[in-house]
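For reference, the chains in residue letters:
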Amino acid sequence: MNVMIVGKGGREHALAWKISKSPYLDELVVAPGNAGIEQIANTMDISQDDIRGLANYAEHNSIDLTIVGPEDPLANGITDYFSRRGLAVFGPSESAARIEASKVFAKDFMKRFHIPTAGFLTFDNAEGAIRFVEEHDFPIVIKTDGLAGGKGSVVAKNIEEARDAIVHMMIERTWGDAGKTVVVEEFLQGTEISVLAMTDGDNAIILPPAQDYKRAYDGNNGPNTGGMGCIAPHPMFDLELRKITMDEIIIPAIEGLKFMDSPFKGILYAGLMITSSGPKVLEFNCRFGDPETQAILPLMESDLLEMMLFALENRILEADCQFSDKKSVCVVIASGGYPKRYKKGYPIEGLGEISTTSEENVLVFHAGTAQKGDSIISDGGRVLNVVGLGDDFSKAINNAYSMAGKIKFEKSFYRKDIGAKYKNA
Ligand code: AMP
Ligand code: GLY
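1. Digging into the packing of helix α7 (residues 126-134) against helix α8 (residues 159-171)
Next up, step 1: Close contact between α7 and α8 brings their axes to 10 Å; oriented N to C, the two are set at 165°. Taken together, α7 and α8 sit at an angle that is classed as roughly antiparallel. Read as a crossing pair, α7 and α8 show a hand that is right-handed. Across the interface between the two elements, A126, A129, I130, V133 and E134 of α7 pack against I159, A162, R163, I166, M170 and I171 of α8.
Next up, step 2: Residues belonging to the contact of α7 with α8 are distributed by class as follows: nine nonpolar, no polar and two charged.

2. Re the site of ligand 1
Next up, step 1: Around ligand 1 there are 14 residues in total, and S153, E185, E192, K214 and E283 lie nearest to it.
Next up, step 2: At 2.7 Å, a side-chain N or O of S153 approaches an oxygen atom of ligand 1.
Next up, step 3: Within the side chain of E185, an N or O atom sits 2.8 Å from a nitrogen atom of ligand 1.
Next up, step 4: Relative to its unbound accessible surface of 470 Å², ligand 1 loses 90% to contact with the protein.
Next up, step 5: At the level of elements, β7 (140-144), β9 (182-186) and β17 (278-285) are the ones that each hand at least two residues to the shell around ligand 1.

3. Thoughts on the nonpolar core
Next up, step 1: Counting 49 residues, the largest nonpolar core has M4, F82, F109, I115 and F284 as its most contacted members.
Next up, step 2: Counting residues per element, this core draws most heavily on helix α9 (residues 239-259), at eight residues.
Next up, step 3: Beyond its immediate sequence surroundings of up to four residues, F284 is in contact with I99, E100, M110, I115, I249, A253, L268, Y269 and A270.
Next up, step 4: Core analysis: the second largest hydrophobic core is formed by 46 residues, I37, Y269, L299 and L305 among them.

4. So, empty space enclosed by the protein
Next up, step 1: Counted under the stated rule, the structure contains three cavities of 30 Å³ or more.
Next up, step 2: Roughly 50 Å³ of volume is contained in the largest cavity.
Next up, step 3: Forming the walls of the largest cavity are I99, E100, K103, A106, K107, M110, K143, E185, L282, E283 and F284.
Next up, step 4: Elements that contribute at least two residues to the lining of the largest cavity include exactly α5 (94-101), α6 (103-112) and β17.

5. Let's talk about the side chain of E292
Next up, step 1: With respect to the helices and strands, the residue E292 is situated in helix α10 (residues 292-296).
Next up, step 2: Among buried Asp, Glu, Lys and Arg side chains, E292 stands out as unpaired, with K214 the closest opposite charge at 5.3 Å.
Next up, step 3: Polar side-chain contacts of E292 include one of 2.7 Å to the side chain of Y269.
Next up, step 4: Excluding residues within four positions of it along the chain, E292 makes contact with S194, L196, A210, D212, C230 and Y269.

6. Here's the deal with the site of ligand 2
Next up, step 1: All residues in the neighbourhood of ligand 2 are listed as D212, Y269, N285, R287, G289, D290, P291 and E292.
Next up, step 2: Taking D212, its side chain carries an N or O atom lying 2.8 Å from a nitrogen atom of ligand 2.
Next up, step 3: Considered class by class, the residues forming the shell around ligand 2 number two nonpolar, two polar and four charged.

7. Some remarks on the packing of aromatic side chains
Next up, step 1: Applying the stated rule across the entire model yields nine aromatic pairs.
Next up, step 2: Measuring from centroid to centroid gives 6.1 Å for F113 and F259, while their planes differ by 75°, and the two rings are edge-to-face. Taken as a pair, F113 in the loop between α6 and β6 (120-123) and F259 in helix α9 lie far apart in primary sequence, 146 residues in all.
Next up, step 3: Here the aromatic rings of Y217 and F413 are separated by 6.1 Å at their centres, their planes lie at 50°, and the arrangement is tilted. Remark: F413 occurs in the segment after α12 (393-404) and Y217 occurs in strand β13 (residues 215-217); sequence separation between them is 196 residues.
Next up, step 4: Its relative accessible area of 40% is what places Y217 among the partly exposed residues.
Next up, step 5: Here F413 falls in the buried class, since its relative accessible area comes to 18%.
Next up, step 6: An aromatic cluster is built from F105, F109, F113 and F259, whose rings are joined through pairwise contacts.
Next up, step 7: Geometry around Y269 places R287 over its ring, the cationic atom sitting 5.9 Å from the centre.
Next up, step 8: The aromatic ring of Y414 is capped on one face by K416, whose charged end is 4.4 Å from the ring centroid.

8. Overview of α12
Next up, step 1: Taking 1.5 Å per residue as the helical rise, α12 with its twelve residues ought to reach 16 Å, and the 16 Å between its terminal C-alpha atoms agrees with that figure.
Next up, step 2: F393, A396, I397, A400, Y401, M403 and A404 are the residues of α12 that are buried. Down the axis of α12, the sector holding all buried residues measures 160°, keeping them to one side.
Next up, step 3: In this structure, the buried side of α12 is in contact with β15 (229-232), β18 (327-334), β19 (362-366) and β22 (382-390).
Next up, step 4: Among the residues of α12, the N-terminal cap falls to D392, whose side-chain oxygen and the backbone nitrogen of S394 are separated by 3.2 Å.

About the thresholds
The residue numbers shown here count from 1 along each chain, following its written sequence. Think of it this way: whatever chain is written first is A, whatever ligand is written first is 1, and the rest follow in order. In keeping with the predicted nature of the model, local features appear solely for residues at pLDDT of at least 70, side-chain atom pairs appear and are counted solely at 80 or more, and the whole-chain, interface and lining totals rest on all residues. For the side-chain quantities, the full set of heavy atoms in the structure was used; hydrogens and water were omitted. Helix axes use the C-alpha atoms of the stretch in contact, all axes being lines fitted to C-alpha atoms, and the angles between their N-to-C directions lie in the range 0 to 180 degrees. We count a stretch as a helix when DSSP gives it H or I for four or more residues in a row; a strand needs E for two or more, and each element gets its number in order from the N terminus. Small angles under 35 degrees read as roughly parallel and large ones over 145 as roughly antiparallel, with 65 to 115 read as roughly perpendicular and the rest as oblique. Helix crossings get a hand from a simple test, with the near helix turned counterclockwise from the far one by less than a right angle marking a left-handed crossing and a clockwise turn marking a right-handed one. The contact criterion used throughout is that any non-hydrogen atoms of two residues lie within 4.5 Å. Put simply, Ala, Val, Leu, Ile, Met, Phe, Trp, Tyr, Cys and Pro go in the nonpolar bin, Asp, Glu, Lys and Arg in the charged bin, and everything else, Gly too, in the polar bin. In this text, near means that some heavy atom of the residue lies within 4 Å of the molecule or strand in question. Here a polar contact means two N or O atoms within 3.5 Å. Within protein one must be a hydrogen donor candidate and the other an acceptor candidate, and residues neighboring in sequence count only if both atoms are side-chain atoms. For the area figures, the Shrake-Rupley method with a 1.4 Å probe applies, and any residue is considered shielded solely by the protein chains shown. Take the buried residues of types Ala, Val, Leu, Ile, Met, Phe, Trp, Tyr and Cys, join any two whose side-chain atoms come within 4.5 Å, and each joined set is a nonpolar core. Three exposure classes are used, based on accessible area relative to the maximum for each residue type with a 1.4 Å probe and protein chains only: buried under 20%, partly exposed in between, and exposed over 50%. Two kinds of site are reported from a 1 Å grid over the protein atoms alone, namely cavities, where a 1.4 Å probe fits but cannot get out, and pockets, open sets with protein on both sides within 12 Å along at least five of seven lines, and residues are called lining when an atom falls within 4 Å of a point. Grid points are joined across faces, edges and corners, and a volume is the space filled by probe spheres set on the points. Counted as positive: Lys and Arg. Counted as negative: Asp and Glu, with His and the chain ends omitted from the count. Salt bridge, as used here, is a side-chain nitrogen of Lys or Arg placed within 4 Å of a carboxyl oxygen of Asp or Glu. Only Phe, Tyr and Trp rings are paired, with Trp represented by its six-membered ring, and only when their centres lie within 6.5 Å; those with planes under 30 degrees apart are stacked, over 60 edge-to-face, the remainder tilted. Criterion for a charge above a ring: Arg CZ or Lys NZ at most 6 Å from the ring centre, at most 35 degrees from the ring normal. To estimate how far a helix should reach, multiply one less than its number of residues by 1.5 Å. The arc refers to the directions leading from the helix axis to the C-beta atoms.

Okay, here's the thing in structure tokens:
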């Protein structure tokens, strides 16, 4: 098969690494890719948002399957458009992707199908939203209805923060039309776990659950980021929790979407808060997580491409789906200043010492990198993902951090506490 992956981050490097091992594969192309992906696949300079350009490429180059990494093209109907042109895509339709692309849709959907989630109200005018939060206890959570590059949710600790968030979203329109409507929801306390399920629209297979470290600095301090690290599988996610998640969240969501004529094929990602009264959904995503994918795929022993083909043929339960017993820890190396202002273009040293085979229990997936002459330079906020594997978390952590310590570029930083809590788990 000829396969195209759409995207340019660490998630897409991990997908490309895994797909490139498939016996089904002939040619792999990634559009647009990054400097790490270039080492293992062909890359094509087509923007991930240029749906027509991607379809033209797929048609002219006999691409048999396109795998979409990021949410934006899915929310913008890449799957529907490709299907109309007779091209196969792994990823949900535009109408199924609303589960991520519209928080109002997702919250109403969860209410309708009795999927546990935080209590909420929806507002389409700022005055009403402000009046409501003024009479509410804190913290409280305010979310833009639409996609805002992962920055559309604010946990407000007091009335000033709540008012600021509403003004930014609804009046100043920092996120454009995404902030036309907001959801104000109850603050949930507990442990966050990302559960990714591969579904064929009827059934699902749950991948090893992961924990994303969203804050920029150690001890979960500093601003929210796209993710500074990840561990998998999550030690807290036992068989009982798995069963509750499947029966009360994943299957009802799949059946609900099917009932609404929006069957979901692809990766349904449930961001859960494990509260004292069980798991509740913070958000659904319609795609692989980043950096969750970088930690999860190195644990997968089965053929990812074959699993995707089974999902597309409505036979996901027939797919062979084996995971190793190892633990995985992903550390993100970022540019100084991220997630706020940062500089790009610094040469990266130490990459040459690292192979991208998992035999040594270390992998490096590139995110914001570019090739400049003979060197690889930083080209984004999150630059590299170093993944350590081991028989226990302690070994996985050591493997990840001993490699992370060898990689250097100006002003780089990374969290030192990824997985630390589970060292003895
Ligand atoms: P979201 O964009 O909905 O995934 O939210 C981003 C992050 O905000 C989540 O990963 C949580 O850390 C936090 N968050 C969102 N909703 C809530 C909530 N209801 N209670 C507590 N934290 C939340
Ligand atoms: N790691 C969070 C996300 O992929 O949305």
